[in-house]
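Structure at a glance
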Amino acid sequence: MAMSSTRTVLVTGATGYIGGRLVARLLEAGLKVRCLVRDPARLQGRPWLGQVEVVVGDCLSADTLATVMLGIETAFYLVHSMAGGHDFEQRDVLAARNFATSARTAGVGRIIYLGGLGDPDSALSSHLRSRQETGAVLSETGVPVTEFRAAVIVGSGSLSFEIIRYLTERLPVMICPRWLYTRAQPIAIRNVLDYLVAALETEASVGHIIEIGGAEVLTYGDMLRGYARARGLKRWLVPVPVLTPRLSSYWVHLVTPIPSVIARPLVQGLRNDVVVRDTSAREIFPQIQPCDYATAVRLALANLDTDQVETRWTDAMASSQGDTAPVVLTTQEGIMLERRQRVVRASPEATFRSFERLGGGTGWLYLNWAWRVRGFLDRLLGGVGLRRGRRDPQEVRVGDAVDFWRVEAVTPNHMLRLRAEMKMPGRAWLEFQVEPIDAASSRLIQTAYFAPHGLSGLLYWYLLYPAHGVIFSGLAKQIGRCAEEWEIRRNQGSLAQPRDP
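For clarity, every value in this text was computed on a predicted model and none was experimentally measured. Each chain has its residues counted from 1, running along the sequence as written. Side-chain atom pairs in this predicted model are given and counted only at pLDDT of 80 or more, local residue features only at pLDDT of at least 70, and totals for whole chains, interfaces and linings cover all residues. Only hydrogens and water are set aside; all other atoms, that is, all heavy atoms of the structure, feed into the side-chain values.

Structural notes on the packing of helix α12 (residues 368-380) against helix α13 (residues 454-491)
Axis definition: a line fit to C-alpha positions, over the contact stretch in the case of helices; interaxial angles, taken between N-to-C directions, run 0 to 180 degrees. Counting from the N terminus, the helices are the DSSP runs of H or I reaching at least four residues and the strands are the DSSP runs of E reaching at least two. Put simply, α12 and α13 touch, their axes get as near as 10 Å, and they point 140 degrees apart. Relative to α13, α12 is oriented oblique. Within the contact between the two elements, α12 uses A370, W371 and R374 and α13 uses Y460, I471, F472 and L475. Broken down by class, the residue content of the contact of α12 with α13 amounts to 6 nonpolar, no polar and 1 charged. Any angle that falls under 35 degrees is termed roughly parallel, while one over 145 is termed roughly antiparallel, one within 65 to 115 roughly perpendicular, and all others oblique. For this analysis, residues touch if any pair of their heavy atoms sits within 4.5 Å. Any residue outside Ala, Val, Leu, Ile, Met, Phe, Trp, Tyr, Cys, Pro, Asp, Glu, Lys and Arg is labelled polar, Gly included; the first ten of those are nonpolar and the last four are charged.

Next up, the structure:
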């Protein structure tokens, strides 16, 4: 669908799962796109970055929104604070009110918002209630709002799909709390994007709440069974009389990559039926035919199998360390560092590729079992652990989750900095740099930084220093070996990518 290239639309949440994919679709439609982000560095590596205008602002700070909406015809509001802490409801209201007020002042013609399904007259969970209250707040200032409401979004890397995928893959026999029999209407991510883009050209959608869902109404148990069929797995569901949302969230935390702080509000919402009650979507958007659940799962699995995952739920989520902003590291009082250097008989490109691929399926090259133990302990303590893996096995971009790290900075063929997101008494980073020496060799510089928090942080650093010394020394050595092996094989013309260790 081609649209006028003179129109500029604003997208919030471009670093998130939905927003990151929506930007690409809007550009394909011929629109000019402006992205509102708190940290522009989080967009590094996006294939569409050079085609959009990036502005800095924070919906929680009204002062930063004064000029970002000037010249905007339509604004997509895809902001959610659920991972920001227990006060996410208040944060959602504040962010929406600031955004809507600024939109009215700037003369924005319309806001398009994606919220959550659920009968507003029922006892909705705090998560679902917050999604619907956000839509109401966006409408308060008089700017016309198109509010879509969806339930389970099925797509490669989506939060809902990852829960279903990991529960089914890892548990041959699953206990069934009552919420597994709650009804939902799952919808494919591509259909969600279809609706969001089509709304731009559909005047009938202005000022309406539009409930969207897939072709079927299923229970969560049905979705688990459907995924199992798609993967050729046999799974058994065993009913149990009680399993509270709190216990269920811990269950999800231990089995899936989703931390309990995120799982708990989601699981609490599973007691509510989330199905389409108003069929106006069919009348307003007759050209969109939502696919069934089996098709949505097949498409998601195809993207995972081919490593074509555009965005993941981890892209914008907070972690065990909180929603902390990236920092510029300097050697200063209070920050401890452990640096190792190694000459590698390989080009900077080969060396960079070797440490760029760490984590996920590749692992950590040296004493991988020790990394797994650390990840397991982190999960027990309520942290993110190692299960988040990687978005792409070969490349990273700023904002990517890499097991229990977050990519904070990356310069191709030169530097990669990871920020720790596991639970610890302080903040930690692991940085890799490579510098050319001559035509046939380079220098690998590996630095571990730690900013301790109080006495417990100092004890943590010194108690683990011997173990870290062994692990990080072996890691640097293995990175060098992998780079050298790959350089030899590339020169022989036998390999286009580094070999998996």
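What follows continues from the structure just given.
Things to note about unusual backbone geometry
Positive phi values are uncommon outside glycine, yet D403 reaches one of about 55 degrees. By the secondary structure assignment, D403 is in the loop between β15 (401-402) and β16 (405-411). In this model, N413 sits at a positive phi of 60 degrees, which is unusual for a non-glycine residue. Mapping N413 onto the fold places it in the loop between β16 and β17 (415-420).

So, the nonpolar core
Definition of nonpolar core: a set of buried residues of the types Ala, Val, Leu, Ile, Met, Phe, Trp, Tyr and Cys, connected through side-chain atoms within 4.5 Å. Exposure classes here rest on a 1.4 Å probe applied to the protein chains alone. A residue is buried below 20% of its type maximum, exposed above 50%, and partly exposed in between. F355, W405, F432 and L475 are the most contacted members of the largest nonpolar core, which has 42 residues in total. Of all the secondary structure elements, the ones that give two or more residues to this core are β14 (336-344), α11 (348-356), α12, β16, β17, β18 (426-438), β19 (441-452) and α13. Broken down by element, this core gets its largest block of residues, 10 residues, from α13. Contact partners of F355, with chain neighbours within four places excluded, come to H414, L416, F432, Q433, V434, L444 and I479. Ranked by size, the runner-up nonpolar core spans 40 residues in total, among them A24, V52, F148 and V192.

So, the packing of aromatic side chains
Side-chain rings of Phe, Tyr and Trp, where Trp is taken by its six-membered ring, are said to pair if the distance between their centres is within 6.5 Å; with planes under 30 degrees apart they count as stacked, over 60 as edge-to-face, and otherwise as tilted. Taken as a whole and judged by the stated rule, the model has 16 aromatic pairs. With centroids separated by 5.8 Å and ring planes inclined at 15 degrees, the aromatic side chains of F450 and W461 adopt a geometry described as stacked. Residue F450 is found in strand β19, and its partner W461 is found in helix α13; the two are separated by 11 residues along the sequence. Three or more aromatic residues link up through ring pairs in this structure, and these residues are W364, W371, F404, W405 and F472.

A few points about the sheet that holds β16
Whether two strands pair depends on DSSP finding at least two bridges between them. Pairing is antiparallel in the open sheet, where 6 strands are placed in the order β14-β19-β18-β17-β16-β15. Looking at strand neighbours, the two that pair on one side only are β14 and β15, the edges of this open sheet. In terms of strand pairing, β16 meets β17 through 6 bridges, oriented antiparallel. Note on β17: the bridge partner recorded for R406 is R419. Sitting on the sheet, α13 is in contact with β14, β18 and β19, with an inclination near 10 degrees to β14.

Some points on the side chain of T134
Mapped onto the secondary structure, T134 falls in helix α3 (residues 126-139). For T134, the contacting residues outside a window of four places in its chain are Y77, D92, A96 and Y113.

Quick look at helix α8 (residues 260-269)
Buried residues dominate α8, accounting for 7 of its 10 residues. Taken together, the buried positions of α8 are S260, I262, A263, P265, L266, V267 and G269.

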